[in-house]
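Here is how the chains run, residue by residue.
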Amino acid sequence: MTANFCFRYFVLRRSDPGVKRVVQTNALLLVPTLLCAWCFLYARSPEHLVRDLLNRYNPQYDFSNNKLIGLVDLSHSWALPSILTIVSTAVPCTLINILVGRAISRFLHEHAFKFSTSWRSTHHEFLKALSFQALVSQMFLIAVGTFVIGTFNIVRNAPMEYATHMV
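Residues numbered from 1 in each chain as written. Predicted model: local features only at pLDDT ≥ 70, side-chain atom pairs only at ≥ 80, totals over all residues. Heavy atoms only, no water.

Student: So what's going on with the packing of helix H2 (residues 19-43) against helix H4 (residues 80-110)? Which residues, and what values?
Tutor: Where H2 meets H4, the closest approach of the two axes is 8 Å, and the angle between their N-to-C directions is 135°. When the axes of H2 and H4 are compared, the pair comes out oblique. In terms of crossing hand, the pair formed by H2 and H4 is left-handed. Counting all contacts with H2, which are made through Leu35, Cys36, Cys39 and Phe40, the residues of H4 involved are Ser82, Ile83 and Ile86. Counted by class, the contact of H2 with H4 contains six nonpolar, one polar and no charged residues. (Axes fitted to C-alpha atoms, helices over the stretch in contact; angles between N-to-C directions. Helix = DSSP H or I, 4+ residues; strand = E, 2+ residues; numbered from the N terminus. Parallel < 35°, antiparallel > 145°, perpendicular 65-115°, else oblique. Left-handed = near helix turned anticlockwise from the far one by under 90°. Contact = heavy atoms within 4.5 Å. Nonpolar A, V, L, I, M, F, W, Y, C, P; charged D, E, K, R; others polar.)

The following block contains the structure:
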């Protein structure tokens, strides 16, 4: 989402970077995502350990008919760098989205007289769509918060566990 806001601002302030440059940038942005996914897949614990952990903390649930995957020990896990990356970038990306969104809006208002009505309308609609997507993506920030609260055992109850995955 942050890349979308920054790209829109770049296009408004400068010229279109071209397809080749956009593909290169997207490939570069994809690398950390693929690394995080690989770390999570590599860090999966055996099913019997996950089942034992869930039965210890949630004996009221019946997991007998379900295949369980998960992480048992985060402190010595390959997933920890990915989790730290995701958690530590959630708030800065949110702030960047807000600041760049405001800059785009300000730019459109300041330069409205230079552009045609259809051009302004197109960019305002695109800004509305990006803003809506940014609001929806803030659900991710809530999920990160509930994940951190659950991971550090600050609060441990069923609604908090559901909130992490249902948001």
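Student: Describe the packing of aromatic side chains, with residues and values.
Tutor: Enumeration according to the criterion identifies four aromatic pairs in this entry. Ring geometry for Tyr61 and Phe63: centres 5.8 Å apart, planes at 70°, overall edge-to-face. Judged by relative accessible area, which is 24%, Tyr61 ranks as partly exposed. (Phe/Tyr/Trp six-rings, centres within 6.5 Å; stacked < 30°, edge-to-face > 60°. Buried < 20%, exposed > 50% of the residue type's maximum accessible area, 1.4 Å probe, protein only.)

Student: Account for the UniProt feature "transmembrane region" (unreviewed entry) in the protein chain, naming residues and giving values.
Tutor: As annotated by UniProt and renumbered to match this structure, "transmembrane region" (unreviewed entry) occupies residues 21-43, 78-100 and 130-155. With 100% helix and 0% strand, the stretch residues 21-43 has end C-alpha atoms that lie 34 Å from each other. Secondary structure across residues 78-100 comprises 91% helix and 0% strand; the distance between its end C-alpha atoms is 33 Å. (UniProt positions renumbered as here; feature names shortened; annotations may be inferred.)

Student: Lay out the pattern of salt bridges with the relevant residues and their values.
Tutor: Counted by the stated rule, this structure contains three salt bridges. Close ionic contact of Glu47 with Arg51 constitutes a salt bridge, the shortest N to O distance being 2.6 Å. With Glu47 and Arg51 both in helix H3 (residues 47-57), this residue pair falls four residues apart, about one helical turn. The salt bridge partner of Glu125 is Lys128, with a shortest N-O separation of 3.4 Å. Of this pair, Glu125 and Lys128 both sit in helix H5 (residues 117-151), separated by three residues, roughly a single helical turn. (Salt bridge = Lys/Arg side-chain N within 4 Å of Asp/Glu carboxyl O.)

Student: Summarise the packing of helix H1 (residues 2-13) against H4; cite the residues concerned and give the values.
Tutor: For the pair H1 and H4, interaxial distance at closest approach is 9 Å and the crossing angle is 25°. Classed by the angle they form, the pair H1 and H4 counts as roughly parallel. The interaxial crossing formed by H1 with H4 has left-handed handedness. Residue-level inspection shows Thr2, Phe5, Cys6, Arg8, Tyr9, Leu12 and Arg13 of H1 in contact with H4, the latter providing Cys93, Ile96, Asn97, Val100, Gly101, Ala103, Ile104, Phe107 and Leu108. For the contact of H1 with H4, the class distribution of residues is 11 nonpolar, three polar and two charged.

Student: So, the nonpolar core: which residues are in play, and what are the values?
Tutor: Listed in full, the nine residues of the largest apolar core are Phe5, Leu12, Val100, Ile104, Phe107, Leu108, Leu127, Leu130 and Ala134. Elements with a contribution of two residues or more to this core: H1, H4 and H5. When residues of this core are assigned to their parent elements, the largest contribution, four residues, is made by H4. In this structure, Phe107 is in contact with Leu12, Arg13 and Phe115, ignoring residues within four places of it in sequence. (Core = buried A, V, L, I, M, F, W, Y, C linked by side-chain atoms within 4.5 Å.)

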